[in-house]
Every structure is written in C-alpha cells, then in structure tokens.
Amino acid sequence: MMRQEQPEKEQQEHTEEQSRQEKEQREAIRDTGEVTLHGRIHLLSVIGEIEGHECLPNHSKTTKYEHVLPKLAAIEDSPDIDGLLILLNTVGGDVEAGLAIAEMIASLSKPTVSLVLGGSHSIGVPIAVSTDYSFIVKTGTMVIHPVRMSGTVIGAQQTYDYFRQMQDRILGFICDHSTATMERLEEMMLDTGILTKDLGTILVGAEAVREGLINEVGGIGEALKKLYRLITVQNPNAHQLR
C-alpha cells in the first residue's frame, strides 16, 4: 500500500510545482513582458515608449529602463541562461535610457538576437542593432529621424551643438553595430520627401536589410534557430543542458 502511495505523492508534488512555475511565468509575462523559454533562453520585450527619468501617464505602454538594466545584469550573471532574445515593437522614447539599454545589450557576453515586429522607431533603432544578429518581419518598420526635444528650448548655439552631439552618439552606435554608414544614416535622417510633417525615413522589412541596419528578414522561428546556433558555437555542450 505504501509503495502505491509514494508514486502518487511524487506525482502530486510534481504537478503542484509545475502549476506554480506556470503561474509565475504568467505573472512575469503580465508584469514585465519577460519569460525564460525552454532551452535556457530569456525573452525580453521592448514595447511602447521607452521611459526616461520622468514617469509617463498610466495609460501609456512603456519599457522602463530601471527594470531592464538590472534584468540584463542578472542575465549576464546567471548560469541558468544561455542566450537572450529581444522582441521589439516600440515607438522610441528617451534617448539616454534607450542608449543605456542598447549599450548593456551590446556588452553582454552571451549570444543575443533581436526581432523587430510592428516597429522599432527612433531610439529603438540602436536597441535593434545592438544584438549579435538581428531580424525584422516583412511588415516591420524602422523610422530614422533627427533628435527631438520637448519643453523649453533655448535658441542658442550651445543648444544646437548639444543636439548635434546627441545625434552623433546615436548614429555612431548604429554604425558600430551595423553595416550602415554615417553618411547614409544622416541622409536618411534629414530626408524631407517621406514624412509629411517631419524629417526622416521609414524603412519597411527588407529595406532595413538593404540599408545595412538589420541582418535578415525573418520571424520568431528564424530568430530562435539563429540564437540556438550562436549558443552552440559559443558552448558546444549547451544542448546537453537543455
């Protein structure tokens, strides 16, 4: 009798543990848009507007850098995570926060892959190119435009110099992590014939690949396959851990 009860008790404990893990996973997706996939890959979503030092309205979907930066540090330090997959659907946002996230991703020693879905606009471009390899779906878009500033702007030469310095930081990062040239990026940034009320360029799917920003057109299947290959190259024994 005891022999029959033991397997049943172990099965019950296993079921309860599985239910607990599934609940934690659902809560993580709901609260942060993050989850660790089977195969020791962490999924990070960059969505809505990238929030800076000021909180955006509650009705806005945001990515908070104070959440993302510690998570990236934890991913780098964790022996239980082999790689990072980043999903992007962002309108852009705060330049300093976006560049901080991009620099953190670029400095990770673990393999990273990004996938642009709806769009990765403005400061979302550096984040999209910061990974080891990048994908964009056929209908995905990327918008490149000059730096904007809200609030009071002083009409002095120093203000314009600051704008130029900020643009150079953004374009320099993009050039360092893609095959696009500074000259071509500036040309697209200042284009007056595409956006009706603004300067800039919209790139759709394969256009982002032709301009050298993104490596390949593809979806989640291609992105995961590429990430698994990068993980295997870095650690040939990684497949044995999954």
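First, a word on what this report is: a plain description of the structure on this page. Along each chain, residue indices are assigned from 1 in the same order as the chain's sequence is written. Reporting of local features is limited, given that this is a predicted model, to residues whose pLDDT is at least 70; pairs of side-chain atoms are given and counted only at 80 or more, and all residues count toward the totals for whole chains, interfaces and linings. To get the side-chain values, take all heavy atoms of the structure and skip hydrogens and water.

1. What about the overall build of the protein?
The condition is simple: A run of DSSP states H or I qualifies as a helix once it reaches four residues; a run of E qualifies as a strand once it reaches two. Both are numbered from the N-terminal end. The buried label applies to any residue whose accessible area, calculated with a 1.4 Å probe on protein chains only, is under 20% of its type's maximum; exposed applies above 50%, and partly exposed to all values in between. Residue contacts follow a heavy-atom distance rule, with two residues in contact if any of their heavy atoms lie within 4.5 Å. Surface accessibility follows the Shrake-Rupley procedure with a 1.4 Å probe radius. Residue values consider only the protein chains on display as shielding.
Summing up its helical and strand segments, the protein has nine helices and nine strands in all. Taking all 242 residues of the protein together, the buried fraction comes to 42%. Taking the intrachain contacts of the protein between residues at least 6 apart in sequence as the baseline, contacts between residues at least 24 apart amount to 66%. Accessible surface, the protein: about 13900 Å² in total, of which carbon and sulfur atoms supply 52%.

2. Structural notes on the pattern of salt bridges
Spelled out, the test is: Salt bridge, as applied in this entry: a Lys or Arg side-chain nitrogen positioned within 4 Å of an Asp or Glu carboxyl oxygen.
Per the counting criterion, the structure on display carries seven salt bridges. For the salt bridge of Arg 169 with Glu 96, the shortest nitrogen-to-oxygen distance reads 3.2 Å. In this pair, Arg 169 is assigned in helix H5 (residues 157-176) and Glu 96 in helix H3 (residues 95-106), connecting sequence segments 73 residues apart. Given a relative accessible area of 35%, Glu 96 falls into the partly exposed group. Salt-bridge contacts for Arg 184 lead to Glu 187; the nearest nitrogen and oxygen are separated by 3.0 Å. A residue pair is termed a helical-turn pair when its members lie 3 or 4 positions apart in one helix, as Arg 184 and Glu 187 do in helix H6 (residues 182-189) at three residues. The exposure class of Arg 184 is partly exposed, given its relative accessible area of 28%. Salt bridges sharing common partners tie together Arg 164, Asp 168 and Glu 186.

3. Looking at a nonpolar patch on the surface
Cut-off, in case you're wondering: Patches draw on residues past 30% relative accessible area with no salt bridge. Two like charges within 9 Å are joined, as are two nonpolar side chains (Val, Leu, Ile, Met, Phe, Trp, Tyr) within 5 Å.
Judged by side-chain polarity, Met 149, Val 153 and Tyr 162 come together as a nonpolar surface patch covering roughly 250 Å² of accessible area. Looking at the element boundaries, Val 153 is found in the loop between strand S7 (141-144) and H5. By relative accessible area, which is 42% here, Val 153 ends up partly exposed.

4. Points about the environment of Val 217
Mapped onto the elements, Val 217 comes out in strand S9 (residues 216-217). Residue classification places Val 217 among the partly exposed residues on the basis of a relative accessible area of 29%. For the pair formed by Val 217 and Ala 206, sequence separation is eleven residues and the distance between their alpha carbons is 6.1 Å. Setting aside anything within four residues of it in sequence, one finds Val 217 in contact with Phe 135, Ile 136, Val 137, Lys 138, Gly 205, Ala 206 and Val 209.

5. Points about unusual backbone geometry
Of note in the backbone geometry, Ser 122 takes a positive phi value of approximately 55 degrees without being a glycine. In this fold, Ser 122 is placed in the loop between strand S5 (112-120) and helix H4 (124-129).

6. Some thoughts on helix H8 (residues 220-234)
The condition that has to hold: Helix span, as expected, comes to 1.5 Å for every residue beyond the first. Directions are taken from the helix axis to each C-beta atom, and the arc is the one they span.
Between its first and last C-alpha atoms H8 spans 21 Å; for 15 residues at 1.5 Å apiece the expected length is 21 Å, and the two agree. Along H8, the residues classified as buried are Ala 223, Lys 226, Leu 227 and Ile 231. On an axial view of H8, the arc spanned by its buried residues comes to 140 degrees, and they lie on one face. Exposed side of H8, more than 90 degrees from the buried face: Lys 225 and Val 233 are the residues found there.

7. Regarding the side chain of Gln 167
Examined against the element boundaries, Gln 167 turns out to sit in helix H5. Among residues more than four places away in sequence, those in contact with Gln 167 are Pro 146, Val 147 and Met 189.

8. Some thoughts on the side chain of Glu 211
Note the cut-off: The term polar contact refers here to a pair of N or O atoms within 3.5 Å; inside protein, the definition further demands a hydrogen-donor-capable atom paired with an acceptor-capable atom, and it admits residues adjacent in sequence only when both atoms are side-chain atoms.
You can see Glu 211 is positioned in the loop between helix H7 (206-210) and S9. Engagement of the side chain of Glu 211 in a polar contact is seen with the side chain of Arg 184, the distance being 2.8 Å. When residues no more than four places from it in sequence are discounted, the contact partners of Glu 211 are Ala 180, Arg 184, Met 188 and Leu 203.

9. Quick look at the environment of Glu 76
With respect to the secondary-structure elements, Glu 76 resides in helix H2 (residues 65-77). Sequence spacing of Glu 76 and Ser 107 is 31 residues, and the spatial spacing of their C-alpha atoms is 9.4 Å. Discounting residues that sit within four places of it in the chain, Glu 76 has contacts with Leu 108, Ser 109 and Lys 110. Polar side-chain contacts of Glu 76 include one of 2.6 Å to the side chain of Ser 109.

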